[in-house]
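# Summary of structural features
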Amino acid sequence: MPDIAWFRRDLRLSDNPMLTAAGERDGSAVPLFVVDPALWEPASDVRRAYLAHSLRALDADLSGQLLVKHGDPVARVVDVARRAGAESVHIAADFGPYGAQRDEAVRAALQAEGIDLVVTGSPYAVAPGRVTKDDGTAYRVYTPFYRAWRRHGWRAPAADPDVTWVMAEECDGIPSAPDLPFDLPAAGEEAALERWAAFRDQRLQEYADHRNLPAIDGTSAMGHHLKWGEIHPRTMLADLGDSEAEDVFRKEIAWREFYADVLHQRPTSARQSLDARFDDAFAWDSGDRADELFEAWAAGQTGYPFVDAGMRQLLTEGWMHNRVRMVVASFLVKDLHLPWQRGAAHFMRWLRDADLASNSHGWQWTAGCGTDASPYHRVFNPVGQGERFDPDGDYVRRYVPELAHLPGKAVHQPWEVLGGYDGGYPERVVDHAAERLDALDRFARMKEVGTAT
Ligand SMILES: Cc1cc2nc3c(=O)[nH]c(=O)nc-3n(C[C@H](O)[C@H](O)[C@H](O)COP(=O)(O)OP(=O)(O)OC[C@H]3O[C@@H](n4cnc5c(N)ncnc54)[C@H](O)[C@@H]3O)c2cc1C
């Protein structure tokens, strides 16, 4: 009788030790995916569409044997396992707050039927919780985490599984992908491996120089593949040597691991500030004017070209360059005085690589309430950042057609150029210099009343 291989965020066949474990007893296994309404219902169209495409690719890789069930995983997984006569259900660990609780509930329900839940591997090179300080506590600062993470090391990629896939019963079907206003990149393991190989062979050595320049295709754009486990980070790490660029790239992979670790240690930090003073004692704005400003930000209509280009890239591609993510996040929190959670929710809705740990903590890092020591004073200047990282203005012109008539870096300050607004670009919604001082003042007031956590 086959055991069950329950896929979740590991939609691939290679470098997937969970699959080897699933096939070990019988040589065959039922590949299962459960469309859980608790995750599917609140999911954005971008997330639903990408997942639907990725499941189709996985099903094709499994020669059409993927068993898709819809409903509460506690009931569905137990049903499938019982009917298949399985002794075990195999999973890779999920360290997210919801996933970890769900898995405990599934484990208990399976146990009642005499079936084991077996955990092999995780979506990370080093599982969250493994890298700790000497006293066993978790790191809250990235650099020492990174050093310890490297010292800890990780396994080599797993061998391909030797398993016969069987579909034990009728499939409920892969949900259809909602229409989006843009095309998503190809999903699935083959696309992930191809994209990785192309980046590794053609652009990786320039990564350190190019990764901060949003007009250039200088980063890997592997985020969505990693998010759904279409490739394991171990596969990528195994290809990295010791050049400066490879080292910088490894450090970026480590940020993903660090944030997963932080979220695992503090599950509430998905929605609450790590430094609780920012939720309890900071003077955030609210009301009609705050909502208007939020809408201007979300639509890319703030009058700050670099910010607007980023927000429009998000709406037209489902992706935004990391440098610009930092700048738009800083702008929302420090220029518009809106809580990071509003921006994080918007990102979760639109990013094709939306990931709870990296998103919540990317936002908190920028907002100054997260893992770094004292970054609140780092208020990004939206004009200076644009001039520095988009020196020729190509990125802004690509996404903000109202500024296409301005040459070079003049796009970053249309207010300085005669005819700068001829294309109909909006005036600035706030004055950055004044809002920066206001933000620092609010921070000082928070420190007077709040107790640091
Ligand atoms: C406000 C904000 C929100 C973010 N939200 C997300 C999110 O929802 N999902 C997400 O995967 N990343 C998020 N990031 C991190 C980063 O912006 C993206 O991982 C990166 O832009 C994805 O593009 P890439 O794959 O080309 O990255 P590359 O530069 O090619 O990096 C390779 C991989 O390393 C990881 N990585 C790189 N930088 C970071 C980082 N700072 N934090 C965590 N992991 C990183 C990603 O998995 C990425 O795919 C956020 C950053 C900020 C500032």
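When helices and strands are tallied, the protein chain shows 20 helices and six strands. In terms of overall size, the protein chain behaves like a compact globule, its C-alpha atoms giving a radius of gyration of 23 Å where 453 residues would be expected to give roughly 22 Å. With respect to the three principal axes, the spread of C-alpha positions in the protein chain is 75 × 50 × 45 Å. A total of 453 residues make up the protein chain; the buried ones form 43% of that total. For the protein chain, restricting intrachain contacts to residue pairs at least 6 apart in sequence, the fraction spanning at least 24 positions comes to 76%.

Below, the discussion takes up the environment of Asp59. Summarising the element assignment, Asp59 is placed in helix 3 (residues 45–61). As for Asp59 and Gln313, which are separated by 254 residues in sequence, their C-alpha atoms are 31 Å apart. What Asp59 contacts, discounting residues up to four positions off in sequence, is Gly64, Leu66 and Ile174.

The subject of this paragraph is helix 16 (residues 340–350). Buried residues of helix 16: Trp340, Gly343, Ala344, Phe347 and Trp350, and no others. Burial along helix 16 is one-sided: seen end-on, the buried residues are contained in an arc of 135 degrees. Among the structural elements, helix 3, helix 14 (305–317), helix 15 (322–335) and helix 17 (356–367) are those in contact with the buried residues of helix 16.

Taken domain by domain, the protein chain comprises domain 1 (3–122), domain 2 (123–157 + 190–265) and domain 3 (277–447). Once you take the C-alpha centre of each, domain 2 and domain 3 turn out to be 26 Å apart. The interface of domain 2 with domain 3 comprises 17 residues on the first partner and 21 residues on the second. Counting residues per element, the ones that place at least two in the side of domain 2 that touches domain 3 are helix 9 (223–227) and helix 11 (244–265). The element that contributes the greatest number of residues to the side of domain 2 that touches domain 3 is helix 11, accounting for five residues. Here the side of domain 2 that touches domain 3 is built from residues that sort into ten nonpolar, four polar and three charged.

Bringing the nonpolar core into the picture now. Membership of the largest hydrophobic core comes to 112 residues, with the highest contact counts inside it found for Ile4, Ala5, Val30, Leu32, Val80, Ala81 and Val89. Apart from residues no more than four positions distant in its own chain, Ala81 is found in contact with Ile4, Ala86, Val89, Leu110 and Ile115.

This part is about the site of the ligand. The ligand sits among 27 residues. The nearest are Thr219, Ser220, Asn322, Asn359 and Gly362. Where the shell around the ligand is concerned, the elements lending two or more residues are helix 9, helix 11, helix 15 and helix 17. Here the shell around the ligand is built from residues that sort into twelve nonpolar, eight polar and seven charged. Two domains each put at least three residues into the shell around the ligand: domain 2 (123–157 + 190–265) and domain 3 (277–447).

Contact geometry of helix 14 with helix 18 (residues 382–389) gives a least axis separation of 7 Å together with a crossing angle of 75 degrees. On the basis of their axis angle, the class for helix 14 and helix 18 is roughly perpendicular. Residue-level inspection shows Pro305, Phe306 and Val307 of helix 14 in contact with helix 18, the latter providing Pro382, Gln385 and Gly386. Looking at side-chain class alone, the contact of helix 14 with helix 18 contains four nonpolar, two polar and no charged residues.

Positive phi outside glycine occurs at Asp15, with the angle close to 45 degrees. Overall, the presence of 25 C-beta atoms within 10 Å leaves Asp15 in the buried class. One non-glycine residue, Ala221, adopts positive backbone phi at about 50 degrees. By secondary structure assignment, the location of Ala221 is in the loop between helix 8 (207–210) and helix 9.

Conventions used here
Residues numbered from 1 in each chain as written. Predicted model: local features only at pLDDT ≥ 70, side-chain atom pairs only at ≥ 80, totals over all residues. Helix = DSSP H or I, 4+ residues; strand = E, 2+ residues; numbered from the N terminus. Rg over C-alpha atoms; globule rule 2.2 N^0.38 Å. Buried ≥ 20, exposed ≤ 12 C-beta atoms within 10 Å, placed from the backbone. Contact = placed C-beta atoms within 7 Å. Arc of directions from axis to C-beta. Domains from an automatic or database assignment. Nonpolar A, V, L, I, M, F, W, Y, C, P; charged D, E, K, R; others polar. Core = buried A, V, L, I, M, F, W, Y, C linked by C-beta atoms within 7 Å. Near = placed C-beta within 6 Å. Axes fitted to C-alpha atoms, helices over the stretch in contact; angles between N-to-C directions. Parallel < 35°, antiparallel > 145°, perpendicular 65-115°, else oblique.

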